[in-house]
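Per-entry structural report
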Amino acid sequence: MSATRNQKCSLLLLTVAVLSRFTGVAGGCAAGYFGPLQPRVLLVHTESQLTLVDNVASKLMSTGNFATVGSFDATSSGPSPSVLASYDALLVWASPNILFYDSTQIGNLLADFWDQGGTVVLTSAANVLNRIQGRFGQSYSLIGGGGGLIQAADTIGAVLEPNSPLMADVSSLHADAAAGSSGVTANGGVVVARWTSNRPLVVRGARAGRLVAELNLYPLAKSSSVPSGWVGSGTELMRNALLYSTCAPCGAGNYSLGGTPSCDACPAGTASGA
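The structure presented is a predicted model; accordingly, all values stated were derived computationally and were not measured.

Reading the values: the criteria
- Residues numbered from 1 in each chain as written.
- Predicted model: local features only at pLDDT ≥ 70, side-chain atom pairs only at ≥ 80, totals over all residues.
- Heavy atoms only, no water.
- Core = buried A, V, L, I, M, F, W, Y, C linked by side-chain atoms within 4.5 Å.
- Buried < 20%, exposed > 50% of the residue type's maximum accessible area, 1.4 Å probe, protein only.
- Helix = DSSP H or I, 4+ residues; strand = E, 2+ residues; numbered from the N terminus.
- Contact = heavy atoms within 4.5 Å.
- Axes fitted to C-alpha atoms, helices over the stretch in contact; angles between N-to-C directions.
- Parallel < 35°, antiparallel > 145°, perpendicular 65-115°, else oblique.
- Nonpolar A, V, L, I, M, F, W, Y, C, P; charged D, E, K, R; others polar.
- Pairing = 2+ DSSP bridges.
- Right-handed = clockwise from strand over helix to strand, strands pointing away.
- pLDDT = per-residue confidence, 0-100.

This next bit is on the nonpolar core. With 45 residues, the main nonpolar core has Leu43, Leu60, Leu91, Val202 and Leu237 as its most contacted residues. Looking at which element gives the most residues to this core, the answer is helix H6 (residues 234-245), with 6 residues. Apart from residues no more than four positions distant in its own chain, leucine 60 is found in contact with Leu43, Phe66, Val69, Leu91, Thr235, Met238, Arg239 and Leu242. The next biggest cluster of nonpolar side chains, apart from the first, holds 27 residues, and it includes Val44, Ala74, Ile106 and Val212.

At a minimum axis distance of 10 Å, the contact between helix H2 (residues 50-62) and H6 shows a crossing angle of 70 degrees. Taken together, the axes of H2 and H6 are roughly perpendicular relative to one another. Within the contact between the two elements, H2 uses Val56, Lys59 and Leu60 and H6 uses Thr235, Met238, Arg239 and Leu242. When grouped by side-chain class, the residues that make up the contact of H2 with H6 number 4 nonpolar, 1 polar and 2 charged.

Another point: the pairing of strand E3 (residues 68-73). Where strand E2 (residues 40-45) lies against E3, 6 bridges are found, and the strand directions are parallel. Looking across to E3, one finds that valine 44 is bridged to phenylalanine 72. Taken together, E2, H2 and E3 constitute a β-α-β crossover, and its handedness is right-handed.

Overall, the prediction assigns the protein chain a mean pLDDT of 84, with 81% of residues at 70 or greater. Every residue in residues 1-25 scores below 50 in pLDDT, and together they form 35 contacts with partners more than four places removed in sequence or on other chains. Segment residues 254-274 is flagged for pLDDT under 50; beyond a separation of four residues in sequence, or across chains, it makes 68 contacts in the model.

Here you go:
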């Protein structure tokens, strides 16, 4: 074996050792992909009650899958590059009644973040009524942004890909007013699960070899402040979408957590709890 190949194998063995720390993490990467340990997440939103945003952050942190979860109110401006540099992934949503500061600028900002290697997961109501335009709305979003806003009782319906990492630990979901888009898939989106009303609930896709996920789910859980919020596995859906979307393609080499590592091929089911 050449010196270069020896060096490559040594690096891959070290990678396997690092990835062994993923053992037991629910959700995560699809076959042939690996992801970071505990991504840093920023919630980009338009909520007026920050306690509701804090509740989303607390639920995500409670999973143990994230290093930190911060928040940014995007009603008057977008997060600066210096703010974004501290995060690996953005979970983006809009209150049904409050718009982003500028639909085109926020869309271009999200596209720039993604192009620079960051993860963006859109949720409702960011993906309705063209609230995210610019490059992200046109070419990245997986649910057509021109769909109208629907706020009606709904329950998780058909799960078309039950073995997907996007559905890990998801057992139930209901909302008395499931705020979301009436739009259909866009930019090559594939429906993983639907609401009973047949609207897409979980959509996956790929862009430039990287995974993308989008949720037609308003992130706020049911509470005294949000009586129509979701009940059930909403936290798991958000966690899964974030982990799935932070995954990157495996390079050459065996990243399997079991057996003797080799330098031959990237196997199925790697990292992030796959």
